[in-house]
Amino acid sequence: MPGTLVAMPGVLPDGETVPVDGSLPATATTAVGARGFGVYVHVPFCASRCGYCDFNTYTASELGGGASREGYADTVLAELALASRVLGDSPPPRVDTVFVGGGTPTLLPADDLARILDGIDRTWGLAADAEVTTEANPESVTPESLKLLRAAGYTRISLGMQSASPGVLAILDRKHSAGRATAAALEARDAGFEHVNLDLIYGTPGERTEDFAASLEQVVAAGVDHVSAYALIVEDGTRLAARMRRGELAYPSDDVAADRYLAAEAALDAAGLSWYEVSNWARTDDARCRHNLLYWTGADWWGLGPGAHSHVGGVRWWNVKHPSAYAQRLAAGASPGLAREVLTGDEAHMEDVMLRLRLASGLPLAVLDATGRAGAERALADGLLAADEYAAGRAVLTLRGRLLADAVVRDLLP
């Protein structure tokens with residue numbers, strides 16, 4: 001399916017041990033930020049847990065002792081200080097993007113989000129045109145809090161709408177009303193945010209064709225300049241998965257998800273939003289999420305917060321999951337890093353193909369080996385790659401190719 005819901009995973013991979021001081025191999029720090037540098041900040045707090053969510057997030061009752069929202073900004077700033085020591089004489093030339101995700105970042109006071117952003121600026125320096133995004137649940141912001149965030153330097157906000165249907169929101173255990181997301185988008189514009197995104201989820205059990213059409217109509221009417229639309233993925237261990245196992249809800253249909261994606265493309269394209277990544281549409285080039293583009297094009301970033309992932313110079317690592325363990329490590333002067341991996345050339349190539357092929361700019365055919373070129377020729381013959389772009393030396397997915405993006409990627413890899 002075209003889209004998967006991307007957020008901080010609840011299950012972390014295995015890897016080698018991160019040094020106590022968080023130090024990196026010398027080869028990783030020789031050209032930090034040469035392809036761009038971003039900072040991700042994970043805020044793991046939620047007011048309630050949605051039925052489909054397996055992200056690394058915690059409600060108040062799940063936190064236990066040793067962690068709280070009140071001291072969280074200080075703990076993040078402690079990791080930022082450690083990051084500054086680790087990069088030492090090899091700091092990035094600037095911070096191009098900041099993305100505060102979660103969880104629900106806007107459960108923190110606006111002053112705390114402002115302090116975190118100021119700390120990043122003082123540590124490495126924000127580029128003059130830096131993109132600074134925060135995620136938000138629609139019910140967690142007000143016109144007043146949005147004005148405070150904009151004044152603090154946040155330029156972009158991403159609101160979790162998911163659906164305009166009360167019935168679909170109920171199945172997903174979302175707490176906002178059906179019209180609150182678009183109202184919040186308008187409030188963000190009034191507060192001065194340059195860029196506003198609305199997130200949609202499609203393929204929820206019980207969602208009708210007219211439900212998704214209404215969601216798209218509301219998004220277009222809100223006048224946002226960016227839309228993300230993801231197929232529902234049912235993760236083990238969630239309430240939604242348990243309901244499906246009991247037979248209370250049907251499992252998502254791939255055919256329905258494909259129909260929804262085609263509907264999204266038609267409606268958003270007609271409204272002047274163009275796809276630039278399989279699950280993302282923007283009204284202009286400036287409206288594209290530059291932070292995500294850093295991820296998709298192999299740039300460097302430091303992830304702050306429990307469970308956060310980082311990538312610098314071909315080394316990828318991830319922090320301990322629980323906020324209490326995260327805070328305890330930093331309080332002891334140790335890195336919160338749980339494990340890391342050093343990407344081999346083959347692994348880096350595989351990721352480059354997987355991610356770049358999902359972009360509207362596509363992938364240079366020259367980076368493919370003989371097996372990959374043969375796969376690209378088959379994809380072209382099957383109508384999955386655009387002929388004109390192929391003739392110009394690039395692999396670019398057609399609309400049908402976007403529906404089968406994962407299969408095309410498999411055909412281009414050894």
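- An unreviewed UniProt entry annotates the protein chain as Heme chaperone HemW originating from Micromonospora jinlongensis.
- Heading Sequence similarities (unreviewed entry) of the UniProt record for the protein chain holds this comment: "Belongs to the anaerobic coproporphyrinogen-III oxidase family. HemW subfamily."
- Taken from UniProt, the Function (unreviewed entry) comment for the protein chain reads in full: "Probably acts as a heme chaperone, transferring heme to an unknown acceptor. Binds one molecule of heme per monomer, possibly covalently. Binds 1 [4Fe-4S] cluster. The cluster is coordinated with 3 cysteines and an exchangeable S-adenosyl-L-methionine."

## With respect to the packing of helix α3 (residues 110-124) against helix α4 (residues 143-152)
- In the contact formed by α3 and α4, the axes pass within 9 Å of each other and the chain directions differ by 15°. Considering the angle they form, α3 stands roughly parallel to α4. By crossing handedness, the relation of α3 to α4 is classed as right-handed. Only Ser145, Leu148, Leu149 and Ala152 of α4 make contact with α3, whose side of the interface consists of Ala110, Leu113, Ala114 and Leu117.

## Details of the environment of Thr284
- Note on placement: Thr284 falls in the loop between β8 (280-282) and α10 (290-296).
- Sequence separation of Thr284 and Pro143 is 141 residues, and the distance between their C-alpha atoms is 25 Å.

## Some words on the layout of surface pockets
- For the second largest pocket, the calculated volume is near 170 Å³.
- For the second largest pocket, the full set of lining residues is Asp129, Ala130, Glu131, Thr155, Glu194, His195, Asp285, Asp286 and Arg290.
- No other element matches the three residues that strand β3 (residues 126-136) contributes to the lining of the second largest pocket.

## Quick look at the environment of Asp96
- Note that Asp96 resides in strand β2 (residues 95-102).
- With a relative accessible area of 11%, Asp96 lands in the buried category.
- Put simply, Asp96 and Asp388 are 292 residues apart on the chain and 33 Å apart in space, counted from C-alpha to C-alpha.
- Ignoring anything within four residues of it in the chain, the contact list for Asp96 reads Gly36, Phe37, Ala127, Ala130, Glu131 and Arg290.
- Reaching out from Asp96, the side chain makes a polar contact with the side chain of Arg94 at a distance of 2.5 Å.

## Describing empty space enclosed by the protein
- Scanning the entire structure with this criterion turns up one cavity of 30 Å³ or more.
- Space inside the largest cavity adds up to approximately 60 Å³.
- Lining the largest cavity we find Val18, Gly22, Leu24, Glu79, Leu82, Trp302, Trp317, Asn319, Ser335, Pro336, Gly337 and Arg340.
- Those elements that provide at least two residues to the lining of the largest cavity are α2 (72-87), β11 (315-319) and β12 (337-342).
- A breakdown of the residues in the lining of the largest cavity according to their chemical character gives six nonpolar, four polar and two charged.

## Things to note about the domain arrangement of the protein chain
- For the protein chain, the assigned domains are domain 1 (16-297) and domain 2 (345-413).
- Each of domain 1 and domain 2 was reduced to a C-alpha centroid, and the two centroids are 27 Å apart.
- Counting from both sides, the interface comprises 15 residues of domain 1 and, opposite them, nine residues of domain 2.
- Interface area for domain 1 against domain 2, summed over the two sides, is near 1200 Å², with a carbon-plus-sulfur share of 65%.
- Looking only at domain 1, the three residues that lose the most surface to domain 2 are Trp275, Val278 and Trp296, adding up to 44% of its buried area.
- Where domain 1 touches domain 2, the interface holds two salt bridges.
- When the shortest N-O distance is used, the salt bridge between Arg358 and Glu277 registers 2.8 Å.
- Across the domain 1-domain 2 interface, the total number found is five residue pairs in polar contact (both at pLDDT 80 or more).
- Of all elements in the fold, only α9 (254-270), β7 (274-277) and α10 reach the threshold of two or more residues within the side of domain 1 that touches domain 2.

## Overview of the pattern of salt bridges
- Scanning the entire structure with this criterion turns up 21 salt bridges.
- In this structure, Glu248 and Arg246 form a salt bridge, with 2.7 Å as the shortest nitrogen-oxygen distance.
- Salt bridges here are not isolated pairs; linked through shared partners, they connect Asp74, Asp112 and Arg115.

## Some words on the confidence of the model for the protein chain
- Summing up the model confidence of the protein chain, the mean pLDDT is 93 and the portion of residues at 70 or higher is 96%.
- The low-confidence segment residues 1-10, where pLDDT is below 50, has 45 contacts with residues more than four positions distant or belonging to other chains.

## Some details on the nonpolar core
- Of all hydrophobic cores here, the largest spans 95 residues; its most connected members are Val39, Trp124, Leu159, Phe193, Leu198, Trp302 and Leu385.
- With eight residues, the single largest contributor to this core is α2.
- Counting only domains with at least three residues in this core, you end up with domain 1 (16-297) and domain 2 (345-413).
- Leaving out residues up to four positions away in the same chain, Trp302 has contacts with Phe37, Gly38, Val39, Tyr40, Glu79, Leu82, Ala83, Val86, Leu87, Trp124, Ser310 and Trp317.
- Among the nonpolar cores identified, the runner-up in size contains twelve residues, and Cys53, Leu172, Leu232 and Leu240 belong to it.

Calculation notes
- Residues numbered from 1 in each chain as written.
- Predicted model: local features only at pLDDT ≥ 70, side-chain atom pairs only at ≥ 80, totals over all residues.
- Heavy atoms only, no water.
- UniProt positions renumbered as here; feature names shortened; annotations may be inferred.
- Axes fitted to C-alpha atoms, helices over the stretch in contact; angles between N-to-C directions.
- Helix = DSSP H or I, 4+ residues; strand = E, 2+ residues; numbered from the N terminus.
- Parallel < 35°, antiparallel > 145°, perpendicular 65-115°, else oblique.
- Left-handed = near helix turned anticlockwise from the far one by under 90°.
- Contact = heavy atoms within 4.5 Å.
- 1 Å grid on protein atoms, 1.4 Å probe; cavity = no way out; pocket = protein on both sides within 12 Å on 5 of 7 lines; lining within 4 Å.
- Points joined across faces, edges and corners; volume = space filled by probe spheres on them.
- Buried < 20%, exposed > 50% of the residue type's maximum accessible area, 1.4 Å probe, protein only.
- Polar contact = N/O pair within 3.5 Å; in protein donor to acceptor, adjacent residues only side chain to side chain.
- Nonpolar A, V, L, I, M, F, W, Y, C, P; charged D, E, K, R; others polar.
- Domains from an automatic or database assignment.
- Buried area = accessible area lost by both parts, 1.4 Å probe.
- Salt bridge = Lys/Arg side-chain N within 4 Å of Asp/Glu carboxyl O.
- pLDDT = per-residue confidence, 0-100.
- Core = buried A, V, L, I, M, F, W, Y, C linked by side-chain atoms within 4.5 Å.

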